[in-house]
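# Observations on chain architecture
Here's the letter readout for the chains.
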Amino acid sequence: MPQVLQEQKLTCYHCGEQSADFVDFDNKKFCCTGCKAVYELLNSNDLCGYYSINSNPGKQQVSDSSSKKYNILDDAPTQEKLISFRNDTESHVHFYIPYMHCSSCIYLLENMHKLDSAIINSRVNFQKKEVEIIYKHQQTGLKNIALLLDKIGYPPYISLASEESNIQNKKINRSRIYKIGIAGFCFGNIMMLSLPEYFHLSDFTETQNFSHIFNILSLGLSLPVLFYCSEEFFVSAYNAVKQRVLNIDIPIALAILIAFLRSVYEIIWGAKVGYFDSMTGIVFFMLLGRFFQNKTYDNISFERDYKSYFPLGVTIIEKQGQSFIERSIPVSSIKKGMRLLIRQNELIPADGVLFNGDAHIDYSFVTGEAEPISKQAGDIIYAGGKQKGSRIEIEVTKEVSQSYLTSLWNKQNTEKENQQETELVAAINKYFTYSLLLLAIGAFAYWWFIDVERGINAVTTMLIVACPCALLLSATFTYGNVMQIMAKNKMYVKNAKTVERLAKADTVVFDKTGTITQSHVSGVKWNGKPLNELQKRLIASVSQQSLHPLSKRICSWLEQNSYDKAENFKEHNGKGIEAFVNDYYVKLGSAIFTDQEDAINNTPGSKVYVSINHEILGYFSFKNIYREGMINLFNSLKDKGYEMHLISGDNDKEKEFLQNYFTDANNLHFNQDPQQKLEYIEKLSHGGKKVMMIGDGLNDAGALMKSYVGVAVTDDINYFTPACSAIFEGKKLSELTQYLSFAKSGMGIIRATFVISVIYNIIGLAYALTGTLHPVIAAIIMPLSTISIVLFTTFSSNLIAKKKYGLKTEV
């Protein structure tokens with residue numbers, strides 16, 4: 001007989017596909033010229049570290065990378081829909097990358113600047129399979145960026161519909177639903193075929209022939225469960241082994257494999273029914289548990305990509321009859337075509353065209369560059385910038401989801417914290433899995449000499465029932481629920497780390513004006529020459545440009561129905577404001593700022609001096625009206641053991657009144673400018689204090705940023721500062737102690753869930769060691785442990801919030 005030669009197949013170095021036809025290059029084998037081309041590109045740019053993270057991490061280059069399919073990206077209206085930010089030098093774009101699947105993908109996508117010098121930076125959101133690319137649009141275009149992604153094996157999914165990406169994600173996630181359905185179908189039918197064994201009917205001669213047929217059918221039904229439904233467990237375990245790390249999917253994959261091989265052995269050689277019902281039941285209940293776990297996780301929205309709780313509003317200008325009126329609305333109500341009024345230091349919540357005013361936009365919130373960019377009427381202004389100067393009007397051209405603004409806030413200084421949390425989770429996973437495998441080996445060795453079958457059952461159930469998931473997720477679920485409850489009660493925290501810091505803070509530093517005093521209550525008195533109508537109008541036109549509490553009180557007191565344009569408006573933190581109105585030079589602020597040192601008055605209360613064309617007119621005095629409940633708050637914080645301080649830009653005439661409520665008069669500091677406030681916070685921090693700074697974010701933004709946790713108190717939801725870690729509605733400040741105590745209770749709940757998780761694992765493993773726990777029962781218990789943790793954290797945090805602290809748990 002002629003000898004049949006088997007065709008030799010080699011594995012592609014880039015994508016891992018096996019092929020008989022290969023391309024030889026640089027002593028490496030490639031399945032096609034496309035894979036070879038990607039390798040050459042990476043090699044020439046010193047990016048071959050891509051291959052050291054995972055073996056064969058690439059995607060086979062079978063797509064058409066011709067430029068035609070991306071020609072639409074040369075269309076200006078299309079670019080406008082896709083680009084989230086653009087200035088004179090750079091553009092920001094987000095692409096959905098369906099083929100992103102491992103750490104090698106992240107490595108390559110975050111090093112795209114090495115492949116194209118026009119790319120400034122690229123950042124991956126692995127959970128959403130998105131990459132944000134910042135590039136120099138004068139050197140390259142959107143089409144070239146998409147072509148580069150396609151060329152390296154990550155073709156972007158281009159979506160022009162606002163909901164399209166969500167639909168695409170749902171399509172991808174359906175694979176798990178299909179797997180659950182198939183596993184459930186096979187599990188149910190195998191159980192039905194096993195009924196003769198359950199009721200010992202196979203002992204009767206007339207049913208023995210059917211029993212063998214049923215066993216073969218059970219084997220056939222188990223194959224799609226093994227090779228398709230349990231794929232994610234084996235792929236995850238395989239990748240972990242390749243990278244020489246251990247994860248929780250390794251023992252699960254081993255349990256599934258042991259149950260299958262044991263069943264095949266018993267059917268073929270032992271004339272027994274096997275454990276196919278157990279094997280398919282394991283996969284079915286594990287998939288079901290993960291499905292519900294992920295659904296719960298998504299609903300809590302830990303990345304803060306939600307629209308319901310963020311306290312940002314905006315002022316719109318509407319025509320009413322023959323006049324125009326100003327009205328505040330939430331960001332979620334912004335529609336295309338609306339006219340928005342943006343004042344000094346206000347955040348721009350939506351893309352628009354500058355309609356009126358001189359715009360000087362600070363885009364440091366978006367790009368990190370603090371130098372304001374000047375814009376003229378008709379120029380496009382992007383969401384996320386802050387106006388520096390007099391008020392402007394923009395017409396909305398593109399509605400921006402609130403999640404974009406919250407993501408900008410949450411992006412500040414979080415990468416290091418996330419990395420530390422990831423390392424902690426990885427460490428727990430690693431040592432838990434090591435311990436579990438060693439315990440399973442020890443159990444099998446023990447039962448080997450007594451009852452091998454029972455030993456195999458013990459190993460199988462131990463590998464299934466043990467679960468560190470509850471340990472790993474207890475903090476995440478608890479903090480997520482605490483954040484939601486706080487938001488429903490008008491305290492909006494940046495992330496889970498902020499909740500933890502609120503619980504650990506031991507020192508509270510208050511600002512005075514606009515923080516512990518009310519900003520909208522009048523109590524204003526003019527001291528000086530009587531003001532004529534022109535002077536009132538000039539002062540009002542300047543003061544209404546500022547968000548400072550005293551400026552607002554002046555503006556309210558002057559009762560002007562309309563204002564003149566303020567040009568060259570400038571606000572000097574801690575000093576005052578100035579502008580030209582109809583060729584009049586108007587200054588409002590401290591005596592020194594308005595060149596009135598000789599007019600300094602030492603009577604109690606805050607004062608704002610006024611000069612017009614360098615002529616001294618007098619000053620506004622303010623009776624400080626403290627927020628309701630402040631005395632109770634000071635006493636409550638004192639009783640709880642907090643060290644309290646006050647730093648204020650005002651004079652010290654109210655020191656005698658305040659020192660009755662602060663433990664140490666030396667902790668009261670007045671006449672402090674923004675830099676002195678920052679230095680004071682640094683001094684306390686260096687002394688080992690965990691400082692919570694509470695201010696309005698205007699003259700104390702630096703102090704808020706330097707503190708352990710910064711809380712911005714606001715009565716006007718139009719003002720937003722990225723310097724803070726939390727935003728607190730002013731009228732709720734008197735309840736601060738309750739929120740701090742609730743944050744501490746959250747940490748207590750986490751400790752309780754850790755104890756519950758440890759007890760669960762001890763009891764589960766102890767029972768599994770006996771070899772009497774059925775594998776299907778183990779597969780049901782394992783996901784139930786995680787679900788029970790979710791229910792416990794949700795129920796307990798809601799109960800404590802409602803019953804102990806009187807907080808709302810429903811909107």
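What you see is a predicted model; the values in this text were computed from it and never measured. (Residues numbered from 1 in each chain as written. Predicted model: local features only at pLDDT ≥ 70, side-chain atom pairs only at ≥ 80, totals over all residues. Heavy atoms only, no water.)

Scanning the protein from terminus to terminus reveals 25 helices and 30 strands. When burial is assessed residue by residue, the protein has 51% of its 811 residues classed as buried. Long-range pairs, those at least 24 residues apart, make up 67% of the contacts in the protein between residues at least 6 apart in sequence. Surface summary for the protein: the accessible area is close to 38100 Å², and the carbon and sulfur share equals 54%. (Helix = DSSP H or I, 4+ residues; strand = E, 2+ residues; numbered from the N terminus. Buried < 20%, exposed > 50% of the residue type's maximum accessible area, 1.4 Å probe, protein only. Contact = heavy atoms within 4.5 Å. Areas by Shrake-Rupley, 256 points an atom, 1.4 Å probe, with all protein chains shown as cover.)

Right, let's get into the confidence of the model for the protein. A residue-level look at the protein finds 74% of positions with pLDDT of 70 or above and a mean pLDDT of 76. The low-confidence segment residues 161-172, where pLDDT is below 50, has 7 contacts with residues more than four positions distant or belonging to other chains. Here residues 299-311 is a poorly scored stretch, pLDDT under 50, and it has 39 contacts once near neighbours within four places are set aside; other chains count. (pLDDT = per-residue confidence, 0-100.)

For the rest of this paragraph, the subject is the sheet that holds strand 6 (residues 90-96). In spatial order, the strands read 5-6-8-7; together these 4 strands make up an open sheet with antiparallel pairing. Each of the sheet's edge strands pairs with one partner strand only, and the pair in question is strand 5 (83-86) and strand 7 (119-125). Within the sheet, the average angular offset between the axes of one strand and its neighbour, ignoring direction, is 15°. Where strand 5 lies against strand 6, 3 bridges are found, and the strand directions are antiparallel. The residue bridging I83 from the neighbouring strand is V93, located in strand 6. (Pairing = 2+ DSSP bridges. Axes fitted to C-alpha atoms, helices over the stretch in contact; angles between N-to-C directions.)

Remark: helix 18 (residues 533-543) packs on helix 19 (residues 549-558), axes separated minimally by 9 Å, with the N-to-C direction vectors making an angle of 145°. In this structure, helix 18 meets helix 19 at a crossing whose hand is left-handed. On the side of helix 18, the interface is formed by K536, I539, A540 and S543, while helix 19 contributes S551, I554, C555 and L558. In the contact of helix 18 with helix 19, the residues fall into 5 nonpolar, 2 polar and 1 charged. (Left-handed = near helix turned anticlockwise from the far one by under 90°. Nonpolar A, V, L, I, M, F, W, Y, C, P; charged D, E, K, R; others polar.)

Of all hydrophobic cores here, the largest spans 45 residues; its most connected members are M486, M491, L502, F510, F662, M692 and I694. Every residue in contact with M486, bar those within four places of it in the chain, is listed here: M491, V493, L502, Y739, F742 and A743. (Core = buried A, V, L, I, M, F, W, Y, C linked by side-chain atoms within 4.5 Å.)

Once that is clear, we can look at the sheet that holds strand 29 (residues 709-714). Strands belonging to one sheet form pairs held by backbone hydrogen bonds; the direction of such a pair is parallel or antiparallel. In spatial order, the strands read 18-30-29-28-19-26-27; together these 7 strands make up an open sheet with mixed pairing. Strands at the two margins of the open sheet, each flanked by one partner only, are strand 18 (491-493) and strand 27 (668-669). The pairing of strand 19 (residues 507-510) with strand 26 (residues 643-647) spans 4 bridges and is classified as parallel. Across the sheet, residue V508 finds its bridge partner in strand 26, namely M644. Taken strand by strand, helix 24 (residues 736-769) contacts strand 18, strand 28 (691-695) and strand 30 (726-729), and its axis lies near 145° from that of strand 28.

With that settled, the discussion passes to the packing of aromatic side chains. When we look at a pair of aromatic rings, we describe it by the centre distance and by the angle of the planes. Overall, the coordinates contain 17 aromatic pairs when judged by the stated rule. Centroid distance Y626 to F657: 5.4 Å. Interplanar angle 40°. Geometry classified as tilted. A residue pair is termed long-range when its members are at least 10 positions apart, and Y626 in the loop between strand 25 (615-622) and helix 20 (630-639) and F657 in helix 21 (residues 655-658) qualify at 31 residues. Among the residues examined, Y626 registers a relative accessible area of 18% and is labelled buried. For F657, a relative accessible area of 37% gives the class partly exposed. One aromatic cluster in this structure is built from F510, Y626, F634, F657, Y661 and F662. The ring centre of Y228 lies 5.5 Å from the NZ or CZ of K179, which sits over that ring. Of note, K587 hangs over the ring of F593, and the distance from its end group to the ring centre comes to 4.6 Å. (Phe/Tyr/Trp six-rings, centres within 6.5 Å; stacked < 30°, edge-to-face > 60°. Lys NZ or Arg CZ within 6 Å of the ring centre and 35° of its normal.)

When you line up the elements, N667 lands in the loop between helix 21 and strand 27. Considering only alpha carbons, one finds N667 and M644, 23 residues apart in sequence, at a separation of 7.2 Å. Apart from residues lying up to four places away in sequence, N667 is in contact with E643, M644, H645, L646 and Y680.

This part takes up the packing of helix 17 (residues 496-504) against helix 24. Put simply, helix 17 and helix 24 touch, their axes get as near as 8 Å, and they point 110° apart. Classified by the angle their axes make, helix 17 and helix 24 are roughly perpendicular. In this structure, helix 17 contributes V499, E500, L502, A503 and K504 to the contact, and helix 24 contributes L740, A743, K744 and M747. Classifying every residue of the contact of helix 17 with helix 24 gives 6 nonpolar, no polar and 3 charged. (Parallel < 35°, antiparallel > 145°, perpendicular 65-115°, else oblique.)

Our focus in this paragraph is a nonpolar patch on the surface. On the surface, a cluster of nonpolar side chains totalling about 610 Å² of accessible area is made up of Y446, W448, F449, I450 and V452. Looking at the element boundaries, Y446 is found in helix 14 (residues 415-448). According to the relative accessible area criterion, Y446 is exposed, its value standing at 52%. (Patch = residues over 30% accessible without salt bridge, like charges linked within 9 Å, V, L, I, M, F, W, Y side chains within 5 Å. Salt bridge = Lys/Arg side-chain N within 4 Å of Asp/Glu carboxyl O.)

Our focus in this paragraph is the pattern of salt bridges. Pairing of side chains with opposite charge becomes possible as their charged atoms draw close. One pass over the structure, following the stated rule, counts 14 salt bridges. In this structure, E232 engages R176 in a salt bridge whose closest nitrogen and oxygen atoms are separated by 2.7 Å. One end of the pair, E232, is in helix 9 (residues 231-242); the other, R176, is in helix 6 (residues 164-193), and 56 residues separate them in sequence. The buried category is assigned to R176, whose relative accessible area is 18%.

On to the pairing of strand 21 (residues 566-572), then. Consecutive side chains along a regular strand alternate between the two faces of the sheet. Sheet topology places strand 21 next to strand 22 (residues 576-581); 5 bridges connect them, and they run antiparallel. For E571, the partnering residue across the bridge sits in strand 22 and is I577. Here strand 21 folds back onto strand 22, and the loop between the two strands holds 3 residues, one of which, G574, carries a positive phi near 80°.

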